[in-house]
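Fold and contact review
As a plain string of letters, each chain reads:
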Amino acid sequence: MSITTSTLWRIHFSRRWPMELDLAHQGHWTSHERDLLADSLRQFQLGEGSDGCNLLRFARTFAAQVADPDLPEAIAGLIAEEQRHSRWLGEVLRHQHEPLLQKHWVDGVFRLARRAMGFGLEIAILVSAEIIAVPYYAAVRRATTLPALQDICDRILEDEAFHLQFQAANLSLVVRNRFGLRHMLHRVLQAAICAVVWNQHGRVLAAGGYTYTTFWHECDHLLAEVQQKSQRAARSRCASTFAA
Ligand SMILES: [Fe+2]
Ligand SMILES: [Fe+2]
């Protein structure tokens, strides 16, 4: 049995799974925090909780095409971590007596767009979602006084740093197999997503010290890093294939 990058990521996700958060010390929001954060966190709680059925289906088809049998299980590990983020945010919202969302038009549009695409384009949108999570949870971390929510943000930021590396590996797979989005097109797509996110969550991001320009710039910089990593990974795969 050969060890692939997906094998290593499958093992990574299974090792991190037992690392739960202790959310016993919740505290209470001030009225300012509630007004600032509740609606925004509800949307992220809904978005993080996607069941990932389509992504897994695409991943299984793609894995069969490129002979990468561990990819679907690695993707399942990613989906489980995202769902755990959703569960943690849900616990905070419930503790603050805030209702959870069942649906939202932004989440609906993203799900519809991803369902209509193949694995390559779905990964491109997911990369941008992972990227936007970085300034967003950094802003929430700075804007909240709740220890539990601060712990959640710290942990999500740690998880998302790994997710970006995982997605760089996935991007390298789709680019290498010509299913990927061109870099410039991905930047344009991400700029459009940033505009929607700022429209919906700009108050939270501004409370965390971002302007629209610094928010967009950080996201664009993170995308450039992911694209460089994916190119390096694709080149090293090509080199090892050539050497073999
Ligand atoms: Fe997440
Ligand atoms: Fe993520």
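Everything numeric in this text was worked out from a predicted model, so none of it was measured.

Regarding its fold elements, the protein presents nine helices and zero strands. Each helix and strand of the protein, placed in order from N terminus to C terminus, yields the pattern α-α-α-α-α-α-α-α-α. Taken over the C-alpha trace, the protein has a radius of gyration of 18 Å; the compact-globule value for 244 residues is 18 Å, and the two agree within 12%. In terms of overall dimensions, the protein has a C-alpha envelope of 60 × 40 × 30 Å along the principal axes. With 244 residues in all, the protein has 49% of them scored as buried.

This next bit is on the coordination of the iron ion (ligand 2). The coordination sphere of the iron ion (ligand 2), as far as protein atoms go, consists of Glu-82 (OE), Glu-130 (OE), Glu-160 (OE) and His-163 (ND1), spread over 1.8 to 2.2 Å. If you look at the iron ion (ligand 2), its four donor atoms make angles of 79 to 164° with each other, and the shape they trace is irregular. The metal-metal distance between the iron ion (ligand 2) and the iron ion (ligand 1) is 3.6 Å, with Glu-82 coordinating both. Separated by three residues within a single helix, Glu-160 and His-163 lie in helix 7 (residues 147–176), roughly one turn from each other.

Right, let's talk about the coordination of the iron ion (ligand 1) for a bit. At the metal site, the iron ion (ligand 1) is ligated by Glu-48 (OE), Glu-82 (OE), His-85 (ND1) and Glu-160 (OE), and these contacts range over 2.0 to 2.3 Å. Classification of the site at the iron ion (ligand 1) as irregular follows from its four donor atoms and the range of 83 to 157° in their angles at the metal. Motif for the iron ion (ligand 1), donor spacing along one chain: E-x33-E-x2-H-x74-E.

Counted at 1.5 Å a residue, the expected span for helix 8 (residues 183–207) with its 25 residues is 36 Å, but the 31 Å between its end C-alpha atoms falls short. Considering bend angle alone, the principal kink of helix 8 is centred on His-201 and spans about 85°. Taken as a whole, helix 8 has its buried residues at His-186, Gln-190, Ile-193, Cys-194, Val-197, His-201, Gly-202, Val-204 and Leu-205. At the exit of helix 8 stands Gly-209, carrying a positive phi of roughly 100°.

This part covers the packing of helix 6 (residues 119–143) against helix 8. Two elements in contact, helix 6 and helix 8, have axes separated by 10 Å at closest approach and are oriented at 20°. With respect to each other, helix 6 and helix 8 are oriented roughly parallel. Between helix 6 and helix 8 the crossing geometry is right-handed. Residues Ala-124, Ile-125, Val-127, Ser-128, Ile-131, Ile-132, Pro-135, Tyr-136, Ala-139, Val-140 and Ala-143 of helix 6 form the contact with helix 8, whose participating residues are His-186, Leu-189, Gln-190, Ile-193, Cys-194, Val-197, His-201, Val-204, Leu-205 and Ala-207. Taken together, the residues of the contact of helix 6 with helix 8 break down into 17 nonpolar, four polar and no charged.

Our next topic: unusual backbone geometry. Excluding glycine, residues mostly have negative phi values, and the peptide bonds linking residues are mostly trans. A positive phi angle, near 55°, is found at Ala-67, a position not held by glycine. As for its placement among the helices and strands, Ala-67 is situated in the loop between helix 3 (53–66) and helix 4 (71–95). Here Ala-67 falls in the exposed class, since its relative accessible area comes to 62%. In this structure, His-97 is a non-glycine residue whose phi angle is positive, near 60°. Turning to its location among the elements, His-97 is positioned in the loop between helix 4 and helix 5 (105–115).

What follows is about the nonpolar core. One recurring pattern in soluble globular proteins is that nonpolar side chains are buried together. If you look at the biggest cluster of nonpolar residues, it comprises 63 residues, and the most contacted ones within it are Trp-29, Leu-37, Leu-41, Ile-75, Phe-119 and Leu-149. If you list the elements that add at least two residues to this core, you get helix 1 (5–16), helix 2 (31–48), helix 3, helix 4, helix 6, helix 7, helix 8 and helix 9 (212–243). Among the elements that make up this core, the one with the highest residue count is helix 6 (14 residues).

Its location among the elements puts Ser-40 in helix 2. Owing to a relative accessible area of 5%, Ser-40 belongs among the buried residues under this scheme. The spatial distance from the C-alpha of Ser-40 to the C-alpha of Ile-11 is 33 Å, given a sequence separation of 29 residues. Each residue touching Ser-40, except ones within four places of it in the same chain, is listed here: Tyr-136, His-201 and Val-204. Separated by 2.6 Å, the side chains of Ser-40 and Tyr-136 make a polar contact.

About the cut-offs
Residues numbered from 1 in each chain as written. Chains lettered and ligands numbered in written order. Predicted model: local features only at pLDDT ≥ 70, side-chain atom pairs only at ≥ 80, totals over all residues. Heavy atoms only, no water. Helix = DSSP H or I, 4+ residues; strand = E, 2+ residues; numbered from the N terminus. Rg over C-alpha atoms; globule rule 2.2 N^0.38 Å. Buried < 20%, exposed > 50% of the residue type's maximum accessible area, 1.4 Å probe, protein only. Donors = N, O, S within 2.8 Å, 3.2 Å for Na, K, Ca; no water. Tetrahedral: all angles 85-135°; square planar, octahedral: opposite > 155°, others 65-115°. Expected span 1.5 Å × (residues − 1). Bend = angle between axes of the 7 residues up to and from the residue. Axes fitted to C-alpha atoms, helices over the stretch in contact; angles between N-to-C directions. Parallel < 35°, antiparallel > 145°, perpendicular 65-115°, else oblique. Left-handed = near helix turned anticlockwise from the far one by under 90°. Contact = heavy atoms within 4.5 Å. Nonpolar A, V, L, I, M, F, W, Y, C, P; charged D, E, K, R; others polar. Core = buried A, V, L, I, M, F, W, Y, C linked by side-chain atoms within 4.5 Å. Polar contact = N/O pair within 3.5 Å; in protein donor to acceptor, adjacent residues only side chain to side chain.

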